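Observations on the model geometry
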Amino acid sequence: MEEVRLSPLRQISVKSSLSGRSTPRGGGSPRVHSGRTPRREARAVGGGGGASQWFRSSRLVYWLLLITLWTYLGFYVQSRWAHDNENKVEFLRFGGKLRKDVVVVPSEKSKGLGSVANETSSSDALVSVAVKDDGGVNNKRRDVSLSKKDDVASRRSLSSRRKTRRASRSSRGKQKVVVESKVLEAEQDPQLPMTNATYGNLLGPFGSLEDKVLEWSPHRRSGTCDRKSDFKRLVWSRRFVLLFHELSMTGAPISMMELASELLSCGATVSAVVLSRRGGLMQELTRRRIKVVEDKGELSFKTAMKADLIIAGSAVCTSWIDQYMNHHPAGGSQIAWWIMENRREYFDRAKPVLDRVKMLVFLSESQSKQWLTWCEEEHIRLRSQPVIVPLSVNDELAFVAGIPSSLNTPTLSPEKMREKRQTLRESVRTELGLTDADMLVMSLSSINPGKGQLLLLESVALALAEREQEAQRNHKGTVRKEKVKPSKKHRLRGSSRQMQSTTSLTLDNDVGRQKQELKLLLGSVGSKSNKVEYVKEMLSFLSSNGNLSKSIIWTPATTRVASLYSAADVYVTNSQGVGETFGRVTIEAMAYGLAVVGTDAGGTKEIVEHNVTGLLHPMGRLGNKDLAHNLLFLLGNKEARLRMGIEGRRKVEKMFMKQHMYKRFVDVLVKCMRP
């Protein structure tokens, strides 16, 4: 092999090309017509040629990937626009500024939606977005309108546009989405200021004290779904629409809110339709990340049509259900109606659509029998047999009560929480000005004649009067002066000291009994569900009974009730009419070991066992005397009320925990939900 000689004037390095031939780096390429430039040659030599050749040979795959990503991005943006109403304004902005074709106009109430139409006043409207598609032959134009107060010029321009387009709206197939304002309605009633000047002794709520003592807050709650349950398996990745009739801090809205939270934690998609914004739960819905559909009309109907199941939470939802089925005739097959009322007026309101929904769900046996009786009287034939799903104690309250729940951790065990609850009890009772000997009787509900708070005040007045009379009789009978004959004096001299000590002991015991006070805690002050005239009647009754007002404590409406249950000794549910439908507060009080005093009717009769978990009394003013005697009995027998509290807690752990409720809800899902 001949030796290759290099010129002494220029050293030429030899590198191997991809073809295997030796080519000088600085010299010319032996391939005259080669398409590879020196720069490309350098890239190939650097090690990147393999990837470049792969892309060059797989260019079709590369473009398919780009098209797939672009399509996915388009669908994502379109989905966000269609379902995330809160961020629609942001979609209209470019560089932080509104587009030029955005017209600012004041919001107006939607028309043609009956009783379910949007009910926002001019002061409530913050943002209103209307998307209008004007279908033309060549071009498609989209105008977006945002509401703004006191904009007269924009209002006039919008009115003129609406007049010119009104005739062609139906043919052009426009879509209009109205986003109402988000207004957190206060629970306070302006006619009755929430001050001590109005109520005399208004204390609470104790949410901050509760967080401080327990070193835990519901804001830290995580998902509470039982991952191994049938409920989770059925709702995973499904869509649900929950229908709220209002947002007051009462049983039905709170139960629906907790159902929405459970569905979300189990992997479902939940949208809430709220028919009335009155109440204070909107902030809590936001905290729990429950999406609220802003429109109660067309937009809510479109959202419901996409859902696997619609759950209506009150008989008051009749108007929306009726209009939805008129809009979507087959929509009744996807509605489960969870009715939580038990009065004839609610039945009369709901009867036009009772036979059109898929299934009725009731809270108790007595409620189910009552509604079925009314259906027979009105010749209404239901599509399926009703299902009974009683309410339950939520995880937060069970956790604080020391009952095992999904929120327990190694550092916050049930035993540890029971110790913290005792500390919380002492702290709250100190804030209320109570001693250990005092008995705190509590009643938390909306204040109206159906709940019987005025009758409860009359019963407490009777109990205090009877107790005072008994104390006076005991005091008079303690020291009795007897006339003794002189012949018998010497026989009593030796026992005089013994008689004196016995008398002093009796007086001391009587004084000790006088220190034990009966206090009544009433809520929920300021709730929008309260009847103002009924509250005024109660305040008038207290003003005419000065001594009684000293024994009454008022507390505002709140969802942080664990501190109140911890501080109380007895709970009273004095519902009138046909009684309580179920009594959510009844089982919550029993979970905290409170003896329950209730009316002998409705759901209370099914929950409370007389002389076992509590005491029952007749309804109406005829039951006031029995209610007063029951309160006095529990006041004088601490052992009896503790025993009833223990039995009530056992019953709740056995029948009314969250797992019991959702186990029954599985039957509803199986029968009503789309496959």
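Residues numbered from 1 in each chain as written. Predicted model: local features only at pLDDT ≥ 70, side-chain atom pairs only at ≥ 80, totals over all residues. Heavy atoms only, no water.

The side-chain alternation of strand β20 (residues 614–617) yields two buried faces, one formed by Gly-614 and Leu-616 and the other by Leu-615 and His-617. Relative to β20, strand β19 (residues 595–599) runs parallel, the two sharing 4 bridges. Residue Val-597 lies in a different strand from β20, and its bridge partner there is Leu-615. For the handedness criterion, the β-α-β arrangement of β19, helix α24 (residues 602–607) and β20 is classed as right-handed. (Buried < 20%, exposed > 50% of the residue type's maximum accessible area, 1.4 Å probe, protein only. Helix = DSSP H or I, 4+ residues; strand = E, 2+ residues; numbered from the N terminus. Pairing = 2+ DSSP bridges. Right-handed = clockwise from strand over helix to strand, strands pointing away.)

What follows covers the environment of Gln-453. Inspection of the secondary structure assignment puts Gln-453 in helix α17 (residues 453–478). Given a relative accessible area of 1%, Gln-453 falls into the buried group. Sequence spacing of Gln-453 and Tyr-534 is 81 residues, and the spatial spacing of their C-alpha atoms is 9.1 Å. Beyond its immediate sequence surroundings of up to four residues, Gln-453 is in contact with Ser-445, Ser-446, Ile-447, Asn-448, Leu-522, Gly-523, Tyr-534 and Met-538. Only 3.0 Å separates the side chain of Gln-453 from the backbone oxygen of Ser-446, close enough to count as a polar contact. (Contact = heavy atoms within 4.5 Å. Polar contact = N/O pair within 3.5 Å; in protein donor to acceptor, adjacent residues only side chain to side chain.)

The strand order across the open sheet built from 6 strands is β17-β16-β15-β18-β19-β20, with neighbouring strands paired in parallel fashion. In the strand order of this sheet, the two ends are held by β17 (552–556) and β20, each with one partner. Each adjacent strand pair in this sheet contributes to an overall mean axis angle of 20°, direction not counted. Across 4 bridges, strand β18 (residues 570–573) lies against β19 in parallel orientation. Paired with Val-570 across the two strands is Ala-595, which belongs to β19. (Axes fitted to C-alpha atoms, helices over the stretch in contact; angles between N-to-C directions.)

Once that is clear, we can look at unusual backbone geometry. Where the residue is not glycine, phi is negative for most of them; where a peptide bond is considered, it is trans in most cases. Look at the link from Gly-204 to Pro-205: it is a cis peptide, with omega at -5°. Along the chain, the position of Pro-205 falls in the loop between α6 (196–199) and α7 (207–214). The backbone of Ser-237 sits at a positive phi, close to 65°, despite the residue not being glycine. Among the structural elements, Ser-237 can be located in the loop between α8 (230–235) and β8 (239–244). What makes Ser-237 exposed here is its relative accessible area of 52%.

The next thing to look at is the environment of Tyr-324. Tracing the sequence through the fold places Tyr-324 in helix α12 (residues 318–327). In the structure, Tyr-324 is positioned 22 residues away from Lys-302 in sequence and 9.4 Å away in space, judged by C-alpha atoms. For Tyr-324, the contacting residues outside a window of four places in its chain are Phe-301, Ala-304, Met-305, Ile-310, Gly-331, Gln-334 and Ile-335.

A few words now on the state of the cysteines. Scanning the entire structure with this criterion turns up 1 disulfide. Sulfur-sulfur distance for the disulfide between Cys-225 and Cys-266 comes to 2.0 Å. Sign of the S-S torsion, about 105° for the bond between Cys-225 and Cys-266, identifies this disulfide as right-handed. One end of the pair, Cys-225, is in the loop between α7 and α8; the other, Cys-266, is in the loop between α9 (251–265) and β9 (269–274), with 41 residues separating them in the sequence. Both residues of the pair, Cys-225 and Cys-266, belong to the buried class. (Disulfide = S-S within 2.5 Å.)

On average, residues of the chain carry a pLDDT of 77, and 68% of them reach 70 or more. Ignoring residues within four places in sequence, the model shows residues 1–47, a span with pLDDT below 50, making 28 contacts including any to other chains. Here residues 85–188 scores under 50 on pLDDT; set against residues more than four positions off or in separate chains, the count is 172 contacts. (pLDDT = per-residue confidence, 0-100.)

Our next topic: the pattern of salt bridges. Across all of its chains, the model carries 28 salt bridges by this definition. Close ionic contact of Glu-284 with Arg-288 constitutes a salt bridge, the shortest N to O distance being 3.1 Å. Here Glu-284 and Arg-288 have matching classes, each one buried. In this structure, Arg-584 and Glu-588 form a salt bridge, with 3.0 Å as the shortest nitrogen-oxygen distance. Separated by 4 residues within a single helix, Arg-584 and Glu-588 lie in helix α23 (residues 584–591), roughly one turn from each other. When sorted by exposure, Arg-584 lands in the same class as Glu-588, which is buried. Salt bridges sharing partners connect three or more residues here, namely Arg-344, Asp-348, Lys-351, Glu-377 and Glu-378. (Salt bridge = Lys/Arg side-chain N within 4 Å of Asp/Glu carboxyl O.)

Extensive coverage of β8 is indicated by the burial of 5 of its 6 residues. Alignment of β8 against β9, held across 6 bridges, turns out to be parallel. Residue pairing for β9: Leu-243 is matched across the bridge by Val-273. Crossover β8 to β9 through α9 is right-handed. Judged from the 4 bridges that link them, β8 and strand β11 (residues 309–312) form a sheet pairing that is parallel. Of the residues in β11, the one forming a bridge with Leu-243 is Ala-312.

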